[in-house]
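# Residue-level structure breakdown
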Amino acid sequence: MTAMSPSHLPEPVALPRHAFDRRMCIAANRWGARHAVGLFFGIISRLGDGVFWYSLMLALALIDGLRGLEAAAHMAVTGLVALGLYRVLKRWTRRPRPFRTCPGVIAHVPPLDEFSFPSGHTLQAVGFTIVALAWYPLLAPLLLTFTALVAASRVILGLHYPSDVLAAIFVGSGLGALSLWMVHSAPLLLG
């Protein structure tokens, strides 16, 4: 894995409420500098780019027929909304990634985009997981573990602050819950 060095931008003054966020980011990122840890979380992050979720949707459709196809479509629509939402939030907040502004933090993998807030990987993982578990609760051990690893990977790899991940968990949870409510309420509203 190649590491990206921090830019030579002047360090912004950390407000007290941000100091803990920065300290946690630095500590997690140092742990990620260990070869095996960085490699493991790099693979998790790559799977969280979409490969894991698209494979899951395909498997559900192939294994469970029409019901699986409905679940996969529900996940896909929720994912598209999540994608649009996190892109708008990133452009609006424009928070620099920690490896760019936080001395001591390096990116263990290249970022997919420029800004940090919120974590798109985490937002997507939480939204997908909530929808998938509504359809297939027995997948909870797999999906909850994978989602937690994706969330952790974003900080360990130096791409996000912990607050980026926490905000994404909140937004992804709300989006997943709203998606479930809409799907289950639509027949009542239309009929």
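All of these numbers come straight from a predicted model, not from anything done at the bench. (Residues numbered from 1 in each chain as written. Predicted model: local features only at pLDDT ≥ 70, side-chain atom pairs only at ≥ 80, totals over all residues. Heavy atoms only, no water.)

## Focus: the environment of Thr78
Along the chain, Thr78 falls in helix 2 (residues 35–93). On a C-alpha basis, the gap between Thr78 and Val131 in space is 8.0 Å, while along the polypeptide they are 53 residues apart. Other than its neighbours up to four places away in sequence, Thr78 contacts Gly127, Val131, Leu175 and Ser179. Within polar-contact distance, the side chain of Thr78 engages the backbone oxygen of His74 at 2.9 Å. (Helix = DSSP H or I, 4+ residues; strand = E, 2+ residues; numbered from the N terminus. Contact = heavy atoms within 4.5 Å. Polar contact = N/O pair within 3.5 Å; in protein donor to acceptor, adjacent residues only side chain to side chain.)

## Comments concerning the confidence of the model for the chain
Scored by pLDDT, the chain comes out at a mean of 89, with 88% of its residues at no less than 70. Between residues 4–12, whose pLDDT stays under 50, and residues either more than four places distant or in other chains, the model counts 16 contacts. (pLDDT = per-residue confidence, 0-100.)

## Focus: the packing of helix 4 (residues 120–135) against helix 5 (residues 140–156)
Remark: helix 4 packs on helix 5, axes separated minimally by 9 Å, with the N-to-C direction vectors making an angle of 170°. As the angle between them shows, helix 4 and helix 5 are arranged roughly antiparallel. Contacts from His121, Thr122, Ala125, Val126, Thr129, Ala132 and Leu133 in helix 4 reach Ala140, Leu143, Leu144, Thr147, Val150, Ala151 and Arg154 in helix 5. Residue composition of the contact of helix 4 with helix 5, grouped by class: nine nonpolar, four polar and one charged. (Axes fitted to C-alpha atoms, helices over the stretch in contact; angles between N-to-C directions. Parallel < 35°, antiparallel > 145°, perpendicular 65-115°, else oblique. Nonpolar A, V, L, I, M, F, W, Y, C, P; charged D, E, K, R; others polar.)

## Considerations on the pattern of salt bridges
What the rule picks out here adds up to six salt bridges. The residue Asp64 makes a salt bridge to Arg67 at a minimum N-O spacing of 3.5 Å. Residue Asp64 and its partner Arg67 are located together in helix 2, separated by three residues, close to a single helical turn. For Arg67, a relative accessible area of 36% puts it in the partly exposed group. (Salt bridge = Lys/Arg side-chain N within 4 Å of Asp/Glu carboxyl O. Buried < 20%, exposed > 50% of the residue type's maximum accessible area, 1.4 Å probe, protein only.)

## Some words on the layout of surface pockets
Estimates place the volume of the largest pocket at around 320 Å³. Asp49, Tyr54, Leu83, Tyr86 and Gln124 are, among the 21 residues lining the largest pocket, the residues nearest its centre. Going through the elements one at a time, helix 2 and helix 4 are the ones with two or more residues in the lining of the largest pocket. For the lining of the largest pocket, the element with the most residues is helix 2, which contributes 12 residues. By residue class, the composition of the lining of the largest pocket is nine nonpolar, seven polar and five charged. (1 Å grid on protein atoms, 1.4 Å probe; cavity = no way out; pocket = protein on both sides within 12 Å on 5 of 7 lines; lining within 4 Å. Points joined across faces, edges and corners; volume = space filled by probe spheres on them.)

## Quick word on the UniProt feature "transmembrane region" (unreviewed entry) in the chain
Cross-referencing UniProt, the feature "transmembrane region" (unreviewed entry) maps to residues 39–63, 69–89, 125–153 and 165–190 in the present numbering. In the segment residues 69–89, helix accounts for 100% and strand for 0%; the C-alpha atoms at its two ends are 30 Å apart. (UniProt positions renumbered as here; feature names shortened; annotations may be inferred.)

## Here's the deal with helix 2
The end-to-end C-alpha separation of helix 2 is 32 Å, well short of the 87 Å expected for 59 residues at 1.5 Å each. Downstream of helix 2 by one or two residues, Arg94 has phi in the positive range, about 50°. (Expected span 1.5 Å × (residues − 1).)

## Let's talk about helix 5
In this model helix 5 runs 24 Å from its N-terminal to its C-terminal C-alpha over 17 residues, within 8% of the 24 Å that 1.5 Å per residue would give. Of the residues making up helix 5, those classed as buried are Ala140, Leu143, Phe146, Thr147, Val150, Ala151, Ser153, Arg154, Val155 and Ile156. Trailing helix 5 by a residue or two, Gly158 shows a phi angle of about 80°, which is positive.

## Here's the deal with the nonpolar core
Nonpolar side chains in soluble globular proteins tend to be buried together. Trp53, Leu56, Met57, Leu60, Met75, Leu143 and Phe146 are the most contacted members of the largest nonpolar core, which has 20 residues in total. Secondary structure elements with two or more residues in this core: helix 2, helix 4 and helix 5. If one sorts the elements of this core by residue count, helix 2 sits on top with nine residues. Discounting chain neighbours no more than four positions away, the residues touching Met75 are Trp53, Leu56, Met57, Leu60, Phe128, Val131 and Ala132. In terms of nonpolar packing, the next biggest core, distinct from the first, is built from 17 residues, Val37, Ala107, Ile156 and Leu159 among them. (Core = buried A, V, L, I, M, F, W, Y, C linked by side-chain atoms within 4.5 Å.)

## Quick notes on the packing of aromatic side chains
Inspection of the entire model under this criterion finds six aromatic pairs. Look at Phe52 and Trp53: their rings are 4.9 Å apart centre to centre, the planes differ by 90°, and that puts the pair in the edge-to-face class. The two residues Phe52 and Trp53 agree in class, both being buried. Ring geometry for Trp53 against Phe146: centres 5.6 Å apart, planes inclined by 65°, an arrangement best described as edge-to-face. Of this pair, Trp53 sits in helix 2 while Phe146 sits in helix 5, placing them 93 residues apart in sequence. Both residues of the pair, Trp53 and Phe146, count as buried. One aromatic cluster in this structure is built from Phe52, Trp53, Phe128 and Phe146. Lying across the ring of Tyr136, Arg67 places its NZ or CZ 4.8 Å from the centre. (Phe/Tyr/Trp six-rings, centres within 6.5 Å; stacked < 30°, edge-to-face > 60°. Lys NZ or Arg CZ within 6 Å of the ring centre and 35° of its normal.)

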